[in-house]
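Below are the chains, spelled out letter by letter.
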Amino acid sequence: MIALLGNGVVYSSSPPPNEHAKPLTQYIQKVWTNKDGLPQNSGRTLLQSSDGFLWIGTQDGLVRFDGASFQVFDKQNTPALKHNDITKLIESRDGTLWIGSYNGLTSLNKGVFTYYPSSANDEPDVVRALLEDHEGCVWVGTMNAGIRKYTHGNFSIISKSQGLTSDAIYALAEDQRGDIWIGTDAGVNVYRQGQWVYYHERDGLPHEAIRCICVTSDSSVWIGTYNGLVQYKRGVFHTYTTSDGLSDNTIRTIYEDHTGEIWIGTERGGVSQFNHGAFIPFRSSEGLSGDFVSAILEDREENIWIGTYNAGLNQFSKSTFFNYTSRDGLPNDFVASVIQSRNGDVWIGSGGSGVYRFNGKKFIAYTRSNGLPSNSIRSLFEDSQGTIWIGTVGGLAQYKRGTIRAFTEKDGISQSYIRAIGEDLEKKIWVGSTSSGVFRLTSGRFVSYKEKGIPAAVIRSLLVDHEGAVWIGSNDGVRRWKDNRVTLSTQKDGLPSDPIYVIMEDSSHTLWMGSYGGGLVRWKNGKITRITQAQGLYNDVVFHLLEDNNGLIWMSSLRGISSVSRQMLNDFADGKIDRIQCNSYTSSDGMVNSECTGNAQSGGCKTSDGRLWFGTTGGIVVIDPNQLHKKSDPPPVVIERVVVDRSDYTPYDYGYFAPGRGQVEFHYGGLSYITPQKVNFRYKLEGFEKEWRFAGTRHGAFYTNLAPGKYVFRVTACNSDNVWNETGASYAFELEPHYYETWWFYGLLSLVVVGAGFGLYRLRVWQLLEREKELTVRVNEATANI
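Values in this document were obtained by computation on a predicted structure and should not be read as measured data.

> Explain the side chain of N725 here, please?
Within the secondary structure layout, N725 lies in the loop between β66 (709–718) and β67 (729–735). A polar contact is formed between the side chain of N725 and the backbone oxygen of P635, at a distance of 2.9 Å. A polar contact of 2.9 Å, which involves the side chain of N725, links it to the backbone nitrogen of G728. Here N725 is in contact with P634, P635, P636, V637, T716 and A717, once residues within four sequence places are set aside.

> Sorry, what's going on with the packing of aromatic side chains here?
Remark: the centre distance and the inter-plane angle together describe each pair of aromatic rings, the angle taken between the planes. The final tally for this structure, using the stated rule, is 65 aromatic pairs. With 5.5 Å between their ring centres and 75 degrees between their planes, Y240 and F279 make a pair best called edge-to-face. Of this pair, Y240 sits in strand β23 (residues 236–240) while F279 sits in strand β27 (residues 278–282); the two residues are 39 residues apart in sequence, bridging distant segments of the chain. On the basis of an interplanar angle of 20 degrees and a centroid distance of 5.5 Å, the ring pair of W389 and F407 is categorised as stacked. Residue W389 is found in strand β37 (residues 388–392), and its partner F407 is found in the loop between β39 (403–406) and β40 (418–423); the two are separated by 18 residues along the sequence. The exposure class assigned to W389 is buried, which follows from its relative accessible area of 3%. A relative accessible area of 3% places F407 in the buried class. Grouping aromatic residues by their ring pairs yields a cluster made of Y649, F657, F666, Y668, F681, Y683, F688, Y703, Y711, F713, Y731 and F733. Lying over the aromatic face of Y538, R559 brings its terminal NZ or CZ to 4.6 Å of the ring centre.

> Whenever I open this one, helix α1 (residues 566–573) confuses me. Can you help?
Since one α-helical turn is 3.6 residues long, residues separated by three or four positions face the same way. Restricting attention to buried positions, one finds in α1 the residues L569, N570, D571, F572 and A573. Of the surrounding secondary structure, the elements contacted by the buried residues of α1 are β49 (511–515), β50 (520–524), β51 (527–531), β53 (552–557) and β54 (560–565). A side-chain oxygen of the first residue of α1 lies 3.2 Å from the backbone nitrogen of Q567; this N-cap is S565. Where α1 terminates, the next one or two residues include G575, which has phi positive at roughly 80 degrees.

> Honestly, a nonpolar patch on the surface in this entry has me stumped. Any pointers?
Where nonpolar side chains cluster on the molecular surface, the patch consists of L760, L763 and W766 and spans about 340 Å² of accessible area. Examined against the element boundaries, L760 turns out to sit in helix α3 (residues 743–785). Overall, the relative accessible area of 57% leaves L760 in the exposed class.

> Any chance you could explain the sheet that holds β27 here in plain terms?
Strand order in the open sheet formed by four strands is β24-β25-β26-β27, with antiparallel pairing between adjacent strands. For this open sheet the edge positions go to β24 (251–256) and β27, each flanked by a neighbour on one side alone. Adjacent strand axes in the sheet meet at a mean angle of 20 degrees when their direction is disregarded. Note: strand β25 (residues 262–266) against strand β26 (residues 271–275), four bridges, orientation antiparallel. Paired with G265 across the two strands is V271, which belongs to β26.

The rules we used
- Residues numbered from 1 in each chain as written.
- Predicted model: local features only at pLDDT ≥ 70, side-chain atom pairs only at ≥ 80, totals over all residues.
- Heavy atoms only, no water.
- Helix = DSSP H or I, 4+ residues; strand = E, 2+ residues; numbered from the N terminus.
- Polar contact = N/O pair within 3.5 Å; in protein donor to acceptor, adjacent residues only side chain to side chain.
- Contact = heavy atoms within 4.5 Å.
- Phe/Tyr/Trp six-rings, centres within 6.5 Å; stacked < 30°, edge-to-face > 60°.
- Buried < 20%, exposed > 50% of the residue type's maximum accessible area, 1.4 Å probe, protein only.
- Lys NZ or Arg CZ within 6 Å of the ring centre and 35° of its normal.
- Patch = residues over 30% accessible without salt bridge, like charges linked within 9 Å, V, L, I, M, F, W, Y side chains within 5 Å.
- Areas by Shrake-Rupley, 256 points an atom, 1.4 Å probe, with all protein chains shown as cover.
- Salt bridge = Lys/Arg side-chain N within 4 Å of Asp/Glu carboxyl O.
- Pairing = 2+ DSSP bridges.
- Axes fitted to C-alpha atoms, helices over the stretch in contact; angles between N-to-C directions.

Geometry only, nothing functional implied.
Have a look at this one:
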């Protein structure tokens, strides 16, 4: 919506950052399709099991996802799955995964799949709905055979003959009282303490074809129909349709997240978020991979997963950043300059659409039609009187009491590129231009300082420090103006490069300067210290500098935004450490665009609430440093596969393995879906090694020629915040020896050796005795002859 208001144009905007009403445009989005490992591009049903795995039911198999890879189970490799079209998934309290398909029901428990034959011999059950009630009974809703209720190993049938209005079951839910809500193609049936209650169009339903039911934490029952969304609460039906902001009237799935926000998946309108009575739509036109939404899930890390009918799986991760772009009402995504005025409004200078004033709800634009000399803004500044000064590529202007005034050569200043604006302690305005040098406003007129030692260089930054010195960054170095004296510092004096893009004074009155390609500079007590990527800086291009309330220095660059402790920077500059450590943030962390802008002063600002605003070529990035410091929980760790001598085994029970070659593999995962590529592992094999091995991001451990014996394999993982899961996962097993490696074989062999030795000894004794007898005979014969 666009409407004229006062001196500018008003652009509607999404609401300000609010954790309970964050639209999907503020999430980090990933899309997974068959190109990424899915067997097929549908996400019919979604579930995160208690061990942390994400399960996806597709039209071509059941998929298990660990954040890094997909494992597909289908009727070819899993005989207990009788059909590849997986329609519904639930996990019961004992950890059993129940799988509904186009050919009946299958369960998975401790790696074992079990098929439950159909109740009818003529045709298979097409499972459309699954539910475990408070007593642990599993309800199975079918497309044409009513309900099969599984209780303690036995199935019972609930059909039209038992009170259902239809045997076509599409939805099952249990409310807080224990009532079972059943969605059919002939209205809603409620099973309440052995009695039936029915709801039809005459009772308030907009349509009797029910496709989904969700009971929410406020005791509401939400019903998705072919003609609108229904909320049933305290005996009253209320219907929402497209006239209320719903994106489509055909509802396919409903989900409540941990904040109580309701997510509605539709057939032709993508997804709608329902919060505080308002719908926020997100369709393919806003970035969703497809408009037919069949499943929605929030995982333990508060990621939102949206499965579509034929356009893949969408993952939306909450970002610690909030972005304003043209999709949120920003008239132009190229943001050159950002400041906050004393009344709390944020002023935004664009690269071609003028200046916007943002009051938290709407953007008000001021352009050449309102008096600006140009719509390309390069600097913004608010003086001590509350006047907003605007530097453009075509000259200088001010906004005062609702009026814009442009300054011309009649006012003593050239109509040139204005990049820098400041105010000295005498409340005089200083202006830096591209081709005409520096001007100072004195007695209502601008005075050039070319004749006072500041030549007509390209001025890029301007700062007045706490002592009243004016620091001027230009293409030929840094000048300091104090008491009508100017001093120049260049590369010869220690600067990394002559062009200085930004100058900042921190809370301890130390000066920091950013260069284009030369890194960061600390200027303290006349000493210049340079810090670059070689010493740990994230990027040698430093466009803008901000200090937050936690003592961190933030830097914008061409590659993103980074932060580093001010104390660490000082320790490096003072020679106490030889390297610094930066935290870096890019589009993968939630920035709408990693490329920040740097051809203007005030490329960012800190607002009164402590948040940091940075301009990028794709909009504005807002950072709350306090949120970034929150450590997340470590990822759960699972052992997915055990391979012994090239044969696969389930990792659930103690392993006894027959004699082999001692080749053992372990495949494991750290189940984090926010930044799985940043999950690191360490492992050890007790009985073989005593120290942990750091595996980095590798998901496998391999051992060869292990001796027979008992072992325990242990693996742990840490998240991107370096928080380790100290419990981890373990697997105990035993390698049985070959017969020739057993104690009894060695004992028998010992007996054989001893026996053989004794036999040889007896043989030798016998040989000696026989020799003695022979000698005796010969001696006797010789004696007789004599």
